[in-house]
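Geometric and topological summary
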Amino acid sequence: MAEETIFSKIIRKEIPADILYQDELVTAFRDISPKAPTHILIVPNVLIPTVNEVEAEHEQALGRLFTVARKLAADAGIAEDGYRLIMNCNRHGGQEVYHIHLHLLGGQPLGPLLAH
Ligand code: AMP
């Protein structure tokens, strides 16, 4: 069993977070340390530590990450200008929280994908 992270507590509403959306498969909340004017994390409710642990049974929840990203981008008024979706994996990907999450970033030009 993978070890729970703070995101499981947010999903269960045991600790505070600015939750923008929740259903039976996913939860979306504002990143506590935003890197852009809009910075939202969309997470599956089930604990999947990294993309390396993704299985076919997760496909419905992972697909939902994108339909919710689309909705939240529209709600935030950034759909037309555009935005970036990022999912980091493990150390080289810069992953800090081992409960996979899709970053939704926008509200300003985001520059090149990778900073060197
Ligand atoms: P990553 O580096 O892809 O694992 O991203 C982890 C993200 O989680 C970072 O952008 C953090 O700012 C964010 N984060 C960590 N703790 C919290 C929290 N309690 N509430 C909201 N966002 C958080």
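Details of the structure are given in the entry above.
Residues numbered from 1 in each chain as written. Predicted model: local features only at pLDDT ≥ 70, side-chain atom pairs only at ≥ 80, totals over all residues. Heavy atoms only, no water.

1. Comments concerning the site of the ligand
Heads up, the condition is: Distances are taken per atom, and a residue is near a molecule or strand as soon as one of its heavy atoms is within 4 Å of it. For this analysis, a polar contact is any N or O atom pair within 3.5 Å, provided that within protein one partner can donate a hydrogen and the other can accept it, and provided that sequence-adjacent residues contribute only side-chain to side-chain pairs. In these tables, accessible area is a Shrake-Rupley quantity obtained with a 1.4 Å probe, and a residue counts as shielded only by the protein chains included in the view. Only DSSP runs of H or I reaching four residues or more are called helices, and only runs of E reaching two or more are called strands; each is numbered from the N terminus.
Around the ligand there are 17 residues in total, and D31, N88, E96, H101 and H103 lie nearest to it. Here an oxygen atom of the ligand and a backbone polar atom of G94 are 2.9 Å apart. Residue H103 places a side-chain N or O atom 2.8 Å away from an oxygen atom belonging to the ligand. When the ligand is considered free in solution it has 500 Å² of accessible area, and contact with the protein chains removes 87% of it. Examining the composition of the shell around the ligand, we find that three residues originate from one element, helix α1 (residues 6-11), more than from any other.

2. Considerations on the pattern of salt bridges
Quick note on the threshold: What makes a salt bridge here is a side-chain nitrogen of Lys or Arg within 4 Å of a carboxyl oxygen of Asp or Glu, nothing more.
Per the stated rule, a full pass over the model turns up six salt bridges. Notably, a salt bridge pairs R12 with E14, separated by 2.7 Å at the nearest N-O pair. Two residues, D23 and R64, come together in a salt bridge whose shortest N-O distance is 2.7 Å. Within this pair, whereas D23 is found in the loop between β1 (19-22) and β2 (26-30), its partner R64 is found in helix α2 (residues 59-76), the two being separated by 41 residues in sequence.

3. Brief notes about the nonpolar core
As a reminder of what qualifies: In these notes, a set of buried Ala, Val, Leu, Ile, Met, Phe, Trp, Tyr and Cys residues joined through side-chain atoms within 4.5 Å is what counts as a nonpolar core. For each residue, the accessible area found with a 1.4 Å probe, counting protein chains only, is set against the maximum for its type, and the residue is called buried under 20%, exposed over 50%, and partly exposed in between. A contact between two residues is defined here by any heavy atoms of the two lying within 4.5 Å.
If you look at the biggest cluster of nonpolar residues, it comprises 17 residues, and the most contacted ones within it are A28, I40, I42, L65, V68, L72 and L104. The set of elements that each furnish at least two residues to this core consists of β2, β3 (38-44), α2 and β5 (102-106). Here the element with the most residues in this core is α2; it accounts for seven residues. In contact with I42, not counting residues within four places along its chain, are T27, A28, L65, V68, A69, L72, H101, L102 and L104. Counting residues in hydrophobic clusters, the runner-up holds six residues, among them F7, I10, I11 and L41.

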